[in-house]
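Given next are the chains, with one letter for each unit.
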Amino acid sequence: MAGGEPHDRPGRRGPGELESDILATLWAARRPLTPAEIQVRLGGGLAYNTVHTVLGRLCGKGLVLRQADGRRGAYRPAKNAAEVTAQAMHDALGRGPDPVAALRQFVTRLTPEQERVLRDLLTGDAA
C-alpha cells in the first residue's frame with residue numbers, strides 16, 4: 001500500500017508507549033501534574049484530549065490517582081516505577097503456559113550485577 005499504514009508514520013508511538021511516557025513524566029515530577037502540564041512536558045504536538053484520555057485509562061488501571069484542584073484535576077502516580085515493573089513481570093508470568101521456563105529464560109539474560117542482586121535477594125543477604 002502506498003505511503004504505508006497509519007501506524008508506520010514517523011513519530012507515532014507504539015502500543016502502550018504513550019501510557020509509559022505519561023507515567024515516566026509523572027514519576028519524574030515532584031508534584032501532581034495537570035493534563036496540560038503533562039502535554040507540555042511530553043511535547044511532540046500531542047492533543048490535550050489525547051493526554052486526558054490516556055490519564056483516564058491509567059486511572060482505570062489503578063496506575064495514577066486524580067486529585068481535585070479547583071475545576072481542574074492533577075494526577076500523580078499510584079505506584080512507583082519498581083512496583084509497576086514488578087507487577088508487569090508477575091502478570092507476564094501468569095499469562096504464559098510455562099512460568100518456570102520463562103523465569104529460566106529471564107535469568108539467563110541478566111547482567112552479572114543483576115544476577116548478584118537476585119542471588120542476594122533470594123538468600124536474604126540484600127540490604
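Residues numbered from 1 in each chain as written. Predicted model: local features only at pLDDT ≥ 70, side-chain atom pairs only at ≥ 80, totals over all residues. Heavy atoms only, no water.

### Overview of the overall build of the protein chain
Along the protein chain, the regular secondary structure elements total six helices and two strands. Along the protein chain, helices (α) and strands (β) appear in the sequence α-α-α-β-β-α-α-α when read from the amino end. Per-residue burial over the protein chain gives 20% buried out of 127 residues. When contacts within the protein chain are restricted to residue pairs at least 6 apart in sequence, long-range pairs at least 24 apart make up 39% of them. A total of about 9200 Å² of accessible surface is found on the protein chain, and carbon and sulfur atoms cover 55% of it. (Helix = DSSP H or I, 4+ residues; strand = E, 2+ residues; numbered from the N terminus. Buried < 20%, exposed > 50% of the residue type's maximum accessible area, 1.4 Å probe, protein only. Contact = heavy atoms within 4.5 Å. Areas by Shrake-Rupley, 256 points an atom, 1.4 Å probe, with all protein chains shown as cover.)

### Considerations on the environment of Ala81
Note on placement: Ala81 falls in helix H4 (residues 81-95). Taking relative accessible area as the criterion, Ala81 reaches 32% and is therefore assigned partly exposed. Distance in space between the C-alpha atoms of Ala81 and Ala24 is 8.0 Å, their sequence separation being 57 residues.

### Things to note about the pattern of salt bridges
For the coordinates displayed, the defined rule picks out five salt bridges. With its nearest N and O atoms 2.9 Å apart, the salt bridge here joins Glu37 to Arg31. Glu37 sits in the partly exposed class, given a relative accessible area of 22%. In this structure Arg31 comes out as partly exposed when scored by relative accessible area, which is 42%. In this structure, Glu115 engages Arg119 in a salt bridge whose closest nitrogen and oxygen atoms are separated by 2.8 Å. (Salt bridge = Lys/Arg side-chain N within 4 Å of Asp/Glu carboxyl O.)

### Some words on the side chain of Glu19
As for its position among the elements, Glu19 is in helix H1 (residues 17-28). For Glu19, a relative accessible area of 18% puts it in the buried group. If near-sequence neighbours (up to four positions away) are discounted, Glu19 is found in contact with Val54, Arg57, Leu58 and Lys61.

### With respect to helix H3 (residues 48-60)
With 13 residues, H3 extends 19 Å from end C-alpha to end C-alpha; this agrees with the ideal 18 Å at 1.5 Å per step. If you check which residues of H3 are buried, you get Val51, Val54, Leu55 and Leu58. One face of H3 carries all of its buried residues, which in axial projection span an arc of 105 degrees. In H3, the exposed residues that point more than 90 degrees away from the buried face are Asn49 and Gly60. After H3 finishes, the residue Gly62 shows a positive phi value of roughly 75 degrees. (Expected span 1.5 Å × (residues − 1). Arc of directions from axis to C-beta.)

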